[in-house]
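# A closer look at the structure
Below are the chains, spelled out letter by letter.
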Amino acid sequence: MVQILLLYNIKKLSNFLGIYDLPDNKRKKHSLPTPLFGGFLILLPITLFIINSEVLEINDGSLRYYFSFLILIILVSILGFLDDKLNINNKKRIILLISIVLGITLLSPSIFVMEKIKFSFYENDINTYYLKMFLFPVGFILLSTILNLIDGENGILLTFFL
């Protein structure tokens, strides 16, 4: 509910804070100034869920996973915001993204390791063996890069996540 209220007032909030993206007709092809809060609106429900989970005292070990994932999402969101605001070079952005994802993965290896893959249409599990440490980082980096490309079009990514 909070997310929907913020979505309807995002332009007012962006104008008040002076945080919006201006078109440059090179990399940013939108026609009007665009609020830079879209990534944070995606982050908001994740954060609220984790805070709510802590209040409810989830003690099954998943809270550590949620906090590690939240730190990862916050760092990637900050990178995306800085990229939009400062026009970070694509190579530098990818290097920073890889550093963030690998850093969090190495700090919490037991959380982000994919030991097997299961498809609903295939009976057997696929063991990942030596690739298990790399599947999550590579998948997350690819997903983040794809979502960043989609984010180039006004409102498409935010609408997708709603």
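This text gives an overview of the structure that appears in the document.

Rules of the game
Every chain is numbered on its own, with residues counted from 1 as its sequence reads. With the structure being a predicted model, the display of local features is reserved for residues of pLDDT at least 70 and the display and counting of side-chain atom pairs for 80 or more, all residues being used for whole-chain, interface and lining totals. As a rule here, side-chain values come from all non-hydrogen atoms in the structure, and water together with hydrogens is ignored. Elements are defined by DSSP. Helices are runs of H or I of four residues or more, strands are runs of E of two residues or more, and each kind is numbered from the N terminus. Residue burial is assigned from relative accessible area. The probe radius is 1.4 Å, only protein chains are included, and a residue is buried under 20% of its type maximum, exposed over 50%, and partly exposed in between. Pairs of residues are marked as contacts when any of their non-hydrogen atoms sit within 4.5 Å. Only the protein chains shown count as cover for residues, and the accessible areas themselves come from Shrake-Rupley with a 1.4 Å probe. For a helix, the expected span equals 1.5 Å multiplied by the number of residues minus one. The arc in question is the one spanned by the directions pointing from the helix axis to the C-beta atoms. A pair of Phe, Tyr and Trp rings is counted when the ring centres sit within 6.5 Å of each other, with Trp represented by its six-membered ring. The angle between the planes then sorts it: under 30 degrees is stacked, over 60 is edge-to-face, the rest tilted. Buried Ala, Val, Leu, Ile, Met, Phe, Trp, Tyr and Cys residues that are joined via side-chain atoms within 4.5 Å together make up what is termed a nonpolar core. Basic side-chain nitrogens of Lys or Arg form a salt bridge, by our definition, when they fall within 4 Å of a carboxyl oxygen of Asp or Glu.

### Details of the overall build of the protein chain
Counting secondary structure elements, the protein chain contains 8 helices and 4 strands. Along its sequence from the N terminus, the protein chain presents helices and strands in the succession α-α-β-β-α-α-α-α-β-β-α-α. Split into buried and exposed, the 162 residues of the protein chain put 30% on the buried side. Pairs at least 24 apart in sequence give 56% of the contacts found in the protein chain among residues at least 6 apart. Carbon together with sulfur atoms contributes 67% to the accessible area of the protein chain, which is approximately 11300 Å² in total.

### Digging into helix α7 (residues 132-150)
Here α7 is 19 residues long and its end C-alpha atoms lie 28 Å apart, about the 27 Å a rise of 1.5 Å per residue gives. Restricting attention to buried positions, one finds in α7 the residues F136, P137, F140, I141, S144 and L147. Buried residues of α7 fall within an arc of 135° about the axis and therefore sit on the same side. Looking at α7, the residues exposed on the side facing more than 90 degrees away from the buried face are F134, L142 and L149.

### Re the side chain of T105
Take T105: it is sitting in helix α5 (residues 90-107). In contact with T105, not counting residues within four places along its chain, are F112, M133, F136 and P137.

### Describing the packing of aromatic side chains
Here the structure, examined in full by the defined rule, presents 3 aromatic pairs. Ring geometry for F112 and F136: centres 4.7 Å apart, planes at 25°, overall stacked. Remark: F136 occurs in helix α7 and F112 occurs in helix α6 (residues 109-112); sequence separation between them is 24 residues. There is no split in this pair, since F112 and F136 are both buried. An aromatic cluster of at least three residues, connected via ring pairs, comprises F112, F136 and F140.

### Section: the nonpolar core
One finds L72, V76, L97, V101 and F140 to be the most contacted residues of the largest nonpolar core, which totals 17 residues. When residues of this core are traced back to their parent elements, those giving at least two are α3 (38-55), α4 (62-86), α5, α6 and α7.

### A look at the pattern of salt bridges
Scanning the model with the defined rule gives 3 salt bridges in all. In this structure, R93 and D83 form a salt bridge, with 3.1 Å as the shortest nitrogen-oxygen distance. Of this pair, R93 sits in helix α5 while D83 sits in helix α4, and the two are 10 residues apart along the sequence. Residue R93 shares its accessibility class with D83, and that shared class is buried. We note a salt bridge from K116 to D125, for which the minimum N-O separation is 3.5 Å. Each member of the salt-bridge network shares a partner with another, and the members are K116, K118 and D125.

### Observations regarding α5
Helix length check: α5, at 18 residues, gives a terminal C-alpha distance of 26 Å against a target of 26 Å (1.5 Å per residue), a fit within 8%. Of all the positions in α5, only R93, L97, I100, V101, I104 and T105 are classed as buried. The arc that holds every buried residue of α5, seen down its axis, measures 125°, which confines them to one face. Residues K91, K92, I95, L106 and L107 are exposed on α5 and point more than 90 degrees away from its buried face.

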